[in-house]
Amino acid sequence: MEACVKRPDGVRARWDKAVLVCAKCSRKLDTGFGEDGKPLAKALRRHLKLKNGPKARAGVVEVKCLDVCPKGAVVVVDSATPAHWLLVHPGDDLDAVAARLGIG
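Residues numbered from 1 in each chain as written. Predicted model: local features only at pLDDT ≥ 70, side-chain atom pairs only at ≥ 80, totals over all residues. Heavy atoms only, no water.

Draft legend 1. Structural context of helix α3 (residues 94-101). Here α3 has its buried residues at Leu94, Val97, Ala98 and Leu101. Down the axis of α3, the buried set is contained in an arc of 100°. They therefore lie on one face. Those residues of α3 that are buried are in contact with β1 (18-22), α2 (40-48), β3 (74-78) and β4 (85-88). (Buried < 20%, exposed > 50% of the residue type's maximum accessible area, 1.4 Å probe, protein only. Helix = DSSP H or I, 4+ residues; strand = E, 2+ residues; numbered from the N terminus. Arc of directions from axis to C-beta. Contact = heavy atoms within 4.5 Å.)

Okay, structure coming up:
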């Protein structure tokens, strides 16, 4: 007789917001974001002091490709306004980017 194994139907997260960042756009840039030139997702997480995973207050998730590919910018999608995608350029103030995304 096999033991009954319970499997959760989902995982509870503390996120107030989820932000999708295009990894391909971020990788194509010669320069990065923040003081140490990191990819945008890492720079935003570090700048906002966000933890990784479901215990963070917001999720900044790097996705493979969003198929927009602007020159010299990274595409970012705010889950609260999925119809409006943002373009973030190197050198943009991360506080201003966070304010545009509603996290901070």
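After presenting the structure, the write-up continues.
Draft legend 2. Highlighting unusual backbone geometry. Phi at Lys49 is positive, roughly 55°, even though this residue is not glycine. Here Lys49 lies in the loop between α2 and β2 (59-63). Judged by its relative accessible area of 70%, Lys49 is exposed. Positive phi, normally seen in glycine, also occurs at Cys69, with a value near 50°. Considering the arrangement of structural elements, one finds Cys69 in the loop between β2 and β3.

Draft legend 3. Spotlight on α2. Those residues of α2 not exposed but buried are Leu40, Ala41, Ala43, Leu44, Arg45 and Leu48. On its buried face, α2 sits against β1, α1 (23-28), β2, β3, β4 and α3. Backbone geometry just downstream of α2 places Lys49 in the positive-phi region, at approximately 55°.

Draft legend 4. The nonpolar core, seen in detail. Ranked by size, the top nonpolar core spans 26 residues in total, and within it Leu40 and Val76 carry the most contacts. Contributing elements (two or more residues each) for this core: β1, α2, β3, β4 and α3. Not counting residues within four places of it along the chain, the set of residues in contact with Leu40 comprises Val21, Ser26, Phe33, Val74, Val76, Val88 and Leu94. (Core = buried A, V, L, I, M, F, W, Y, C linked by side-chain atoms within 4.5 Å.)

Draft legend 5. Quick peek at the packing of α2 against α3. Put simply, α2 and α3 touch, their axes get as near as 10 Å, and they point 90° apart. The angle between the axes of α2 and α3 places the two elements in the roughly perpendicular class. Of the residues in α3, those touching α2 at Leu40, Ala43, Leu44, His47 and Leu48 are Leu94, Asp95, Val97, Ala98 and Leu101. For the contact of α2 with α3, the residue count by class is eight nonpolar, one polar and one charged. (Axes fitted to C-alpha atoms, helices over the stretch in contact; angles between N-to-C directions. Parallel < 35°, antiparallel > 145°, perpendicular 65-115°, else oblique. Nonpolar A, V, L, I, M, F, W, Y, C, P; charged D, E, K, R; others polar.)

Draft legend 6. Region of interest: the pairing of β3. In terms of residue burial, β3 counts as a mostly covered element, since five of its five residues are buried. In β3, alternate side chains face the same way, and those of Val74, Val76 and Asp78 on one face and Val75 and Val77 on the other are all buried. Sheet topology places β3 next to β4; four bridges connect them, and they run antiparallel. Within the sheet, the bridge partner assigned to Val74 lies in β4 and is Val88. Linking β3 to β4, which pair antiparallel, is a turn of six residues. (Pairing = 2+ DSSP bridges.)

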